[in-house]
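Examining the three-dimensional arrangement
The chain contents come next:
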Amino acid sequence: MAAALRPAILRHLRIPAQAQSLTMDRSAPILSSLVNRIRSMSSHGDEHLTHEEVVDRVLDVVKCFPKVDPSKVTPHVHFQKDLGLDSLDTVEIVIALEEEFKLEIPDMEADKIDSCPLAIEYISNHPMAV
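Residues numbered from 1 in each chain as written. Predicted model: local features only at pLDDT ≥ 70, side-chain atom pairs only at ≥ 80, totals over all residues. Heavy atoms only, no water.

This next bit is on helix H3 (residues 51–63). Over its 13 residues, H3 extends 18 Å from the first C-alpha to the last, a length consistent with the 18 Å expected when each residue adds 1.5 Å. Turning to H3, its buried residues number three or more, namely Val54, Val55, Val58, Leu59, Val61 and Val62. All buried residues of H3 project into a common sector of 160 degrees when viewed along the axis, lining one side. Where H3 is buried, its residues meet helix H4 (87–101) and helix H6 (116–125). (Helix = DSSP H or I, 4+ residues; strand = E, 2+ residues; numbered from the N terminus. Expected span 1.5 Å × (residues − 1). Buried < 20%, exposed > 50% of the residue type's maximum accessible area, 1.4 Å probe, protein only. Arc of directions from axis to C-beta. Contact = heavy atoms within 4.5 Å.)

As structure tokens, this is what we get:
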């Protein structure tokens, strides 16, 4: 079981890489070049979204939903209780959020997202959100 958990956990960890100085001075330029190449191949580099960017974009997605009155949308709004949306509408909003942030939310997690605070929290903590 631990072998199956490890890849799942590692996909969600974000650890900044730092180049360590080597004892041989002449290898430093080679190491620096290698580190820069690896960073350039990264799909998301060091560009993680700020919390404010996530809030603004989540609110924009919800405001653009056809059944929503944009004046009622706040960072604390609940989709069903405050906006009067049903469960199918909530699923459609989650799908729109996946498209907006270019990520795939697993069904088990998507079922839990029923408000702006939960959507903002999930996306802010997702390392691949762009």
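A word on a negative patch on the surface. Taken together, the side chains of Glu52, Glu53, Asp56 and Asp60 define an acidic patch exposed on the protein surface. For glutamate 53, the location among the structural elements is in helix H3. (Patch = residues over 30% accessible without salt bridge, like charges linked within 9 Å, V, L, I, M, F, W, Y side chains within 5 Å. Areas by Shrake-Rupley, 256 points an atom, 1.4 Å probe, with all protein chains shown as cover. Salt bridge = Lys/Arg side-chain N within 4 Å of Asp/Glu carboxyl O. Lys, Arg positive; Asp, Glu negative; His and termini not counted. Charge placed at Lys NZ, Arg CZ, Asp CG, Glu CD.)

If you look at the biggest cluster of nonpolar residues, it comprises 28 residues, and the most contacted ones within it are Val58, Val62 and Phe101. Those elements giving two or more residues to this core turn out to be H3, H4 and H6. For this core, the element with the highest residue contribution is H3, accounting for six residues. (Core = buried A, V, L, I, M, F, W, Y, C linked by side-chain atoms within 4.5 Å.)

Turning to a nonpolar patch on the surface, a few remarks are in order. A cluster of nonpolar side chains, namely Leu88, Val91 and Ile95, defines an oily patch on the protein surface of about 260 Å² accessible area. Relative to the elements of secondary structure, valine 91 occurs in helix H4. According to the relative accessible area criterion, valine 91 is partly exposed, its value standing at 43%.

Two numbers describe how H3 lies on H4: the axes approach to 10 Å, and their chain directions differ by 135 degrees. Between H3 and H4, the crossing angle belongs to the class labelled oblique. Seen from above, H3 lies across H4 with right-handed handedness. Across the interface between the two elements, Val54, Arg57, Val58, Val61 and Val62 of H3 pack against Ile93, Ala96, Leu97, Glu100 and Phe101 of H4. Taken together, the residues of the contact of H3 with H4 break down into eight nonpolar, no polar and two charged. (Axes fitted to C-alpha atoms, helices over the stretch in contact; angles between N-to-C directions. Parallel < 35°, antiparallel > 145°, perpendicular 65-115°, else oblique. Left-handed = near helix turned anticlockwise from the far one by under 90°. Nonpolar A, V, L, I, M, F, W, Y, C, P; charged D, E, K, R; others polar.)

The next thing to look at is unusual backbone geometry. Here lysine 102, not a glycine, exhibits a phi torsion of approximately 55 degrees, which is positive. As for its position among the elements, lysine 102 is in the loop between H4 and helix H5 (107–110). A residue is classified by how much of its surface remains accessible, and lysine 102, at 63% relative accessible area, is exposed.

For the coordinates displayed, the defined rule picks out three salt bridges. Of the charged contacts, one joins glutamate 100 and arginine 57 as a salt bridge, the two residues approaching to 2.8 Å between their closest N and O atoms. With glutamate 100 in helix H4 and arginine 57 in helix H3, this pair connects stretches of sequence that are 43 residues apart. The exposure class of glutamate 100 is partly exposed, given its relative accessible area of 31%. The salt bridge involving aspartate 89 is made with lysine 67; its shortest N-O contact spans 3.1 Å.

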